[in-house]
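Structural features, examined
In case you want the letters, here they are:
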Amino acid sequence: MDERVKTGAAANGASTVDAGRRNFLKGSGGLGLSLSLPSFATALAPGFVGEALAGTKVPAYAKWEDIYRNEWKWDKVTWGSHLNICWPQGSCKFYVYVRNGIVWREEQAAQTAACNADYVDYNPLGCQKGAAFNNNLYGDERVKYPLKRVGKRGEGKWKRVSWDEATADIADAIIDGLESQGSDAFILDSPHVHAGSVANSGGYRMTYLLDGVSPDNNVDIGDTYTGAFHTFGKMHMGYSADNLLDSELIFMTCSNWSYTYPTGYHFMTEARYKGAEVVVVAPDFNPTTPGADIHVPVKVGRDAAFWLGLCQVMIDEKLIDRQFVSEQTDLPLLVRSDTGKFLSAADVDGGHAKQFYVIDEKTRALREAPRGTLRQDGPVALVGTFSAKLHDGKTVEVRPVFQLMKDQLDKEFTPEKASAKSGAPVSLIRELGRKVAKKRTLSYIGFTAAKSYHGDLFERSMYLAMALSGNWGKPGTGFYSWAYAEDNMFFLAVMNKPTAQGGMNEMAEMQASFHERLKKEDPTSTDEMADIEFTKAVTVAMGAVPPAMWLYNHAGYDQLYNNKAWADPSLKTTFGGYLKEAVDKGWWTKDHLRPAPDKTPQVYMMISHNPIRRKRSGAKLYPEVLFPKLKMIFAMEVRMSSSAMYADIVLPCAWYYEKHEITTPCSGNPFFTFVDRAVAPPGECKEEWEGMALILKKVGERATARGLTEFTDHYGKKRRYDELYRKFVMDGHLMTNEDCVKEMVQINVAADVFPKGYTYEKLRKDGQVKFTSLGQSVAKYACGNEYDPNKPFFPLRWHVDDRKVYPTHTRRAQFYFDHDWYLEAGEALPTHKDPPMMGGDHPFQITGGHPRVSVHSAHLTNAHLSRLHRGQPVMHMNDHDAVALGIKDGEMAKVFNDFASCQIMVRTAPNIQPKQCVVYFWEAYQYKDWKPYDILLLGIPKALHLAGGYEQFRYYYLNGSPAPATDRGVRVSIEKA
C-alpha cells in the first residue's frame, strides 16, 4: 500500500475529516486552494488530503498525468445508488470508491443488461448528479449531532444534545399527545422514499404501531394520475423503457426527459433510429424537443383540446379500431337521454343497478353487456338513437356513449376549433390524428398532467385517442403511469413477524380472505378488485390518509380551497361545500378525515420531507397556521433544510453510502440496486430505522416512569406503550438497516419479485437484480400483464388478450361518468376547460418542473453542479415579454399574485411562450427573505375528485382523492424588482 495511504490524516475517520474541512472552509489557503479542491477532488492523493483540508498546503501538480494517476487510487470499492428517486428509473448502479474513510469518487457501473440481444441495454444508467453526489456528504449543511431549538421556531438557534435527551423529549410529547388527543395527535407528514426503502417502511411502521396519521405522500406531491385512475380504475400501468423500441409513434407529453430522465433518454433516440417518430407536446420548446421529430406548441393547460381534436379526426375519417372500442371501453353502453344516466337492469326489469346494456348490431335489440368478461357476443352498435322500454311501462330514448362522444367532438373539437382552443396548428392535428390511427403508438405522460388543475381531462382525452386507435395492451403501446414492485416496503410496514416465521404467509392469508369474501358477494369480481379492497384495509391500518383534507382542516388551506374566484367557475359550490356533501353521503369516513376536524395535532414528524419547499404555499401557511398548533416538531434529516429550521429537535441521519439500503425502482428501469455502507456516517448520525426504534423504546420507558401502561387507538382499542419497541424491531429481528434489507429480500422472494432462492448475499455480491414479477400487491394487477425479464414490458395485456374486466363502475375503460357531480360540471365526457384563475386575474401563467442540474432538490447546492448554472433561483420568460416589462437578462423581478410574492432572477428565453414563465424548483433559503416561488402556487385540488359512489372514485395507498399540488398554470404578475 502507498505509504501516504497509511499515514494520511483522513485515516483517522470521518470526524477528523469533518474537523479538517471546517478549518479549511474558514480560510487559510488562498484562492488557489479554494479553486483546486473542487476541481480536482478525485485526484488528490490520500496523504495530501489531511494537509489540504487543514488548509496548510496548496495542491501542486508536476504534470497532468499526476492528476489522472492519483485519481485511480482507492482503499475499497462498493456498490451504490441514489435514493432520491429520479422517476421513472431511480435505480442506477454505481461504483463507490473510498479512500481513508472518505467517499472520493463514484462512477456508473454500466452493468445493467438488456432484456435480450434484440434490444439495447440500459447502460450507462447514471448522470452527473449521481457522479457528483459524494460532494454532498461533506457539505457544511450536514447535521451530525442531535440539535434542540433554543430560540424561536425558524430562528436557527440550537444547542447540541444527546440522543437520549432528544428522544426523551420526543417521547414525552408523543405520550402527552396520545393522552390528550388520542392517536390523531401524531402526524408523520408525507414521508418520501428519498430517504430509502428502509426509512420509508420504518416511518409507516412507526405510524402503524402508534395508530398515527400520515398524509399520503404520493397524492400530496401530485404524482397521482387521476385521469388514469378514473378511466381504468387504477393508475400504476407502467412499461419498461425498452418498450419504446417496439413503437412507431411516441408522444412525450407533460414531460421533459432531457432534464428528468437523462439515463433513459437514449431509448427515445434508439427508437428513432429504428424508424419511430417522436412528438413532443409542450408549451415551450423544451430541451427534449430538439431530439424529436415534431413539436406541438400547446398553450399552457390546453392539452385536452389537442387530444380531442385528434379523436374527432379519427372518428370523422372512420379510422377507429371498432372491435377494440366495442370490447375495451364503455363507448357502446347505452345512456338515457332524459337523465344522462346509464341504462341499467334496475330500469329495464328491476334487476342489478350495475348491469348495463348495448344494442345488438344485427337485431337492433337491447343486450346485456357482460360484467365478468370484456368479450361481446357479436357486434354492437356504436352510433344511433334507440328506444328502451322500462319495467314501469315507460319508453325512453337511449344512445351509445360513442354517439354522445361523436356529437360533442363534431360540435366543439373539429381541428379548427381544437386548434383555436389548444394552440396546435390545424394541419398538425389532422396529421397526428391519422398517424395515431395507423401506427403502433405509445405515450409518456409526465407528472405535469397530475399537477394541472384539469390534468385529469388531459389524461382522459389522451386515453380516448389511444382507445379509438387500439393502442394499449400490445408491444410498443401504452401510457406510462409508473409502476413498481413495492411489496418489500408495503409488507414490512405492517408485518407482525419475519418471513422466516410465517409473516408473509399471514399477509397472504389476509389477502385470500378478501378474495373469498368478494367472490361470494359477486362471482363476476376479479382478484384485482379483491386486492384493492385488501389494500384499502391496510391503508387504514397504516394511518395513510388523503392529504387535501388534512391541509383543509388543520393547516389553513381552507382559505385557498374555498376561494371561488380561483376555482373552476362551473362548480356549484366551494371545495368545503363538496367535502361536506361527500362526508354526509358517507363517501369519506372518519378513517379518511384524520386527524378529525375537532382534534388538534400535537406531534409532527418529518422524514425526507421539506414542506417549506415542497408544499404548495407551505412556506406561508405552515409557519403561520400549522406550526403554532404543534407541541413538538421533529425532523430526521441528513442536512439542515428549510423545514428542519422550524423543528424543535433535529435528529442526524446517515445518507447514501453511509447505510445499507435498496433502491425503489420503477418498471421503466426494472432493477433493484443494492446500496452498501461504504463509509461510517459522520458524528452521531444514525440510520433512520435505528432512530425510530430509539424513539419508540423511549416512549415505553417514559410511559412506565409516568405510571402509564396503554393508550386508546382511533378504533377504540387499547395498545400497550411497552410493546411498541418490541413490535417495531420484531423481537430483535430488525435492529439495523442491514437486517431490514435482508428481510426485504426475503419478502421479495416470497412475493415472486426476486427469483426463487435468491439471497441477500447474492444481492450484495452482484449489486443489482431484475424483477421477475411485479409482486403480489397493487402493481401486479394494475399493470395487467405477466412480467417476463427477457422481453420489454407493456401493461394491460390481460384486458386486451384475455378480456379481463377493469375495476371500474362499468367494468370497462370508462369515458363517460354519469355521476351527478360530473354531469353538473360538464365533465361526464372528456372535454376541455381553460385553467381556472388560480391566484387571481394576472397575465402570466407559471409552469415548472424538475431542474436539469438536480432532478430532485438533493443536488441543488452541490458545489460541483452549481458551476453548471447561475447558482440561484431563475425564472425563464419570453424575451419579448421581458422587454415589454423593462427587464433584462440577469436582473431581479418581483413575481406576485393575490396570495403572495417573491423575488427571482430573470433569464430571457425565446423558447418560452408569451405570457408563460418557467421556474424549476429551488430551496427556500436561496430566495430573498426565504420566500420561494412555491409560496405563490396555491395547489388548489379539484373538488370534483371528492366524488364517491363509483368503484374508481375512492382512495387507497398512493392512489385517489384530490391532489393538493395543482401548481401548473397558476396566475402571476411580474415587474422589475
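Predicted model only: the values in this text are computed from it and were never measured. Sequence order as written defines the numbering, with residues in each chain counted from 1. A pLDDT threshold of at least 70 governs which residues receive local features in this predicted model, and a stricter bar of 80 or more applies before side-chain atom pairs are shown or counted, although totals over entire chains, interfaces and linings include all residues. Hydrogen atoms and water are omitted, and side-chain values are computed over all heavy atoms in the structure.

Turning our eyes to something else, we now look at the overall build of the protein. Secondary structure elements follow DSSP: runs of H or I of four or more residues count as helices, runs of E of two or more count as strands, with numbering from the N terminus. A tally of regular secondary structure across the protein gives 38 helices and 32 strands. This radius of gyration counts C-alpha atoms alone. The globule rule is 2.2 Å times how many residues there are, raised to the power 0.38. The globule rule puts the C-alpha radius of gyration for 977 residues at 30 Å, and the 28 Å found for the protein is close to it. Along the first, second and third principal axes, the C-alpha atoms of the protein reach 95 × 70 × 55 Å. Taking all 977 residues of the protein together, 65% fall into the buried category. By sequence separation, contacts in the protein at least 24 residues apart represent 74% of the contacts at least 6 residues apart. Accessible surface, the protein: about 32300 Å² in total, of which carbon and sulfur atoms supply 50%. With 116 positive and 116 negative side-chain charges, the protein shows a spacing of 2 Å between the two charge centroids. Buried residues are those whose accessible area, probed at 1.4 Å on protein chains only, stays under 20% of the maximum for their type, while exposed residues exceed 50% and partly exposed ones sit between those limits. Any two residues whose heavy atoms approach within 4.5 Å are treated as being in contact. Only the protein chains shown count as cover for residues, with accessible areas throughout obtained via the Shrake-Rupley method and a probe of 1.4 Å. Neither His nor the chain ends contribute to the count of charged residues, in which Lys and Arg are positive and Asp and Glu negative. A charge is said to be at NZ when it belongs to Lys, at CZ for Arg, at CG for Asp and at CD for Glu.

Here we take up the confidence of the model for the protein. As a per-residue quantity, pLDDT reports the predictor's confidence and falls between 0 and 100. This prediction gives the protein a mean pLDDT of 91; 93% of its residues lie at or above 70. Segment residues 1-49 is flagged for pLDDT under 50; beyond a separation of four residues in sequence, or across chains, it makes 85 contacts in the model.

Counting 295 residues, the largest nonpolar core has Phe306, Trp472 and Phe634 as its most contacted members. Tallying contributions element by element places helix α14 (residues 303-316) first for this core, with 10 residues. Note on terminology: a nonpolar core comprises buried Ala, Val, Leu, Ile, Met, Phe, Trp, Tyr and Cys residues joined through side-chain atoms within 4.5 Å. With 12 residues, the next largest nonpolar core counts Leu343, Val348, Ile359 and Ala381 among its residues.

Since there are 3.6 residues in each turn of an α-helix, residues three or four apart along the chain are aligned in direction. For α14, with 14 residues, the first-to-last C-alpha span of 20 Å sits near the 20 Å given by 1.5 Å per residue. Along α14, 13 of the 14 residues are buried, which leaves the element largely enclosed by surrounding structure. One or two steps after α14, the chain reaches Lys318, where phi turns positive at roughly 55°. Every helix has an expected span of 1.5 Å times one less than the residues it contains.

This next bit is on helix α9 (residues 197-210). Over its 14 residues, α9 extends 20 Å from the first C-alpha to the last, a length consistent with the 20 Å expected when each residue adds 1.5 Å. At the exit of α9 stands Asp211, carrying a positive phi of roughly 55°.

One key point about sheets: their strands pair by backbone hydrogen bonds, in either a parallel or an antiparallel sense. Should DSSP find at least two bridges between two strands, the strands are regarded as paired. Judged by pairing direction, the sheet is parallel, and its five strands sit side by side in the order β10-β9-β8-β16-β17 without closing on themselves. Looking at strand neighbours, the two that pair on one side only are β10 (294-296) and β17 (478-480), the edges of this open sheet. Pairwise comparison of adjacent strand axes, ignoring direction, gives a mean angle of 20° for this sheet. Relative to strand β9 (residues 277-281), strand β8 (residues 249-253) runs parallel, the two sharing five bridges. Residue pairing for β9: Phe251 is matched across the bridge by Val279. Helix axes are fitted to C-alpha atoms over the stretch in contact, other axes to C-alpha atoms as well, and angles between N-to-C directions run from 0 to 180 degrees. Across the face of the sheet, helix α21 (residues 455-469) comes into contact with β8, β16 (441-445) and β17 while running at roughly 170° to β16.

Definition used for salt bridges: Asp or Glu carboxyl oxygen within 4 Å of a side-chain nitrogen of Lys or Arg. A full pass over the atoms with the stated rule returns 70 salt bridges. Put simply, Glu528 and Lys234 hold a salt bridge, and the shortest N to O gap is 3.1 Å. With Glu528 in helix α24 (residues 527-542) and Lys234 in the loop between α11 (226-232) and β8, this pair connects stretches of sequence that are 294 residues apart. Residue classification places Glu528 among the buried residues on the basis of a relative accessible area of 8%. We classify Lys234 as buried; its relative accessible area is 2%. Between Asp456 and Lys942 there is a salt bridge whose closest N-O contact spans 2.8 Å. Here Asp456, found in helix α21, pairs with Lys942, found in the loop between β31 (916-920) and β32 (970-976); they are 486 residues apart in sequence, far enough to count as distant. On the basis of relative accessible area, Asp456 is assigned to the buried category, the value being 4%. By sharing partners, the salt bridges in this structure join Asp184, Asp211, Arg594, Asp713 and Arg719 into a single network.

Here we come to the sheet that holds strand β26 (residues 768-770). Pairing is antiparallel across the open sheet formed by three strands, whose spatial order is β22-β23-β26. If you trace the sheet from one side to the other, it starts and ends with β22 (661-662) and β26, each paired once. By the bridge criterion, three bridges tie strand β23 (residues 671-675) to β26 in an arrangement that is antiparallel. Note on β26: the bridge partner recorded for Thr673 is Gln768.

Here the aromatic set is Phe, Tyr and Trp, taking the six-membered ring for Trp, and pairing holds for ring centres within 6.5 Å; pairs whose planes are under 30 degrees apart are stacked, those over 60 apart are edge-to-face, and all others are tilted. A complete count under the given rule lists 56 aromatic pairs for this structure. Both rings, one in Tyr604 and one in Phe627, keep their centres 5.9 Å apart while their planes meet at 65°; by these two values the pair is edge-to-face. Highlighted residues: Tyr604 in strand β19 (residues 603-607) and Phe627 in the loop between α29 (618-626) and β20 (632-637), separated in sequence by 23 residues. Phe627 shares its class with Tyr604; the two are buried. Where Phe672 meets Phe754, the ring centres are 5.1 Å apart and the plane angle is 85°; that geometry is what we call edge-to-face. A residue pair is termed long-range when its members are at least 10 positions apart, and Phe672 in strand β23 and Phe754 in the loop between α32 (737-750) and α33 (760-766) qualify at 82 residues. Phe754 carries the same exposure label as Phe672, and that label is buried. Put simply, the rings of Phe232, Phe324, Tyr463, Trp472, Phe479 and Tyr806 pair up and form one aromatic cluster. Over the ring of Phe514 we find Arg517; its NZ or CZ atom is 4.7 Å from the centre of that ring. Placement of a charge over a ring requires the Lys NZ or Arg CZ to be within 6 Å of the ring centre, with the centre-to-atom vector within 35 degrees of the ring normal. In this structure, Lys620 is placed above the aromatic ring of Phe899, and the distance from its NZ or CZ to the ring centre is 5.5 Å.

Let us now look at the packing of α14 against helix α18 (residues 415-422). Remark: α14 packs on α18, axes separated minimally by 8 Å, with the N-to-C direction vectors making an angle of 170°. Relative to α18, the element α14 lies roughly antiparallel. Taken together, the residues of α18 that come into contact with α14 (itself represented by Ala305, Phe306, Gly309, Gln312 and Val313) are Pro415, Ala418, Lys421 and Ser422. Side-chain classes follow a simple rule in which Ala, Val, Leu, Ile, Met, Phe, Trp, Tyr, Cys and Pro form the nonpolar group, Asp, Glu, Lys and Arg form the charged group, and the remainder, Gly included, forms the polar group. For the contact of α14 with α18, a count of residues per class yields five nonpolar, three polar and one charged. Should an angle fall under 35 degrees it is taken as roughly parallel, and over 145 as roughly antiparallel, whereas 65 to 115 is taken as roughly perpendicular and any remaining angle as oblique.

Our next topic: the pairing of β23. Here β23 lies mainly inside the structure; five of its five residues are buried. On β23, burial covers both faces: Phe671, Thr673 and Val675 on one face and Phe672 and Phe674 on the other are all buried. Where β22 and β23 come together, two bridges link them in antiparallel fashion. When the bridges of β23 are listed, Glu661 appears paired with Val675.

Most peptide bonds take the trans configuration, and most residues that are not glycine carry a negative phi. In this chain, Asn123 is followed by Pro124 through a cis amide linkage whose omega measures 5°. Inspection of the secondary structure assignment puts Pro124 in the loop between β3 (102-108) and α6 (128-131). Residues other than glycine seldom take positive phi values, yet Leu796 does so here, at roughly 75°. Among the structural elements, Leu796 can be located in the loop between α34 (778-783) and α35 (797-801). Leu796 gets classed as buried once you look at its relative accessible area, which sits at 0%. Of note in this structure, Lys915 is not a glycine but carries a positive phi near 65°. By the secondary structure assignment, Lys915 is in the loop between β30 (901-908) and β31.

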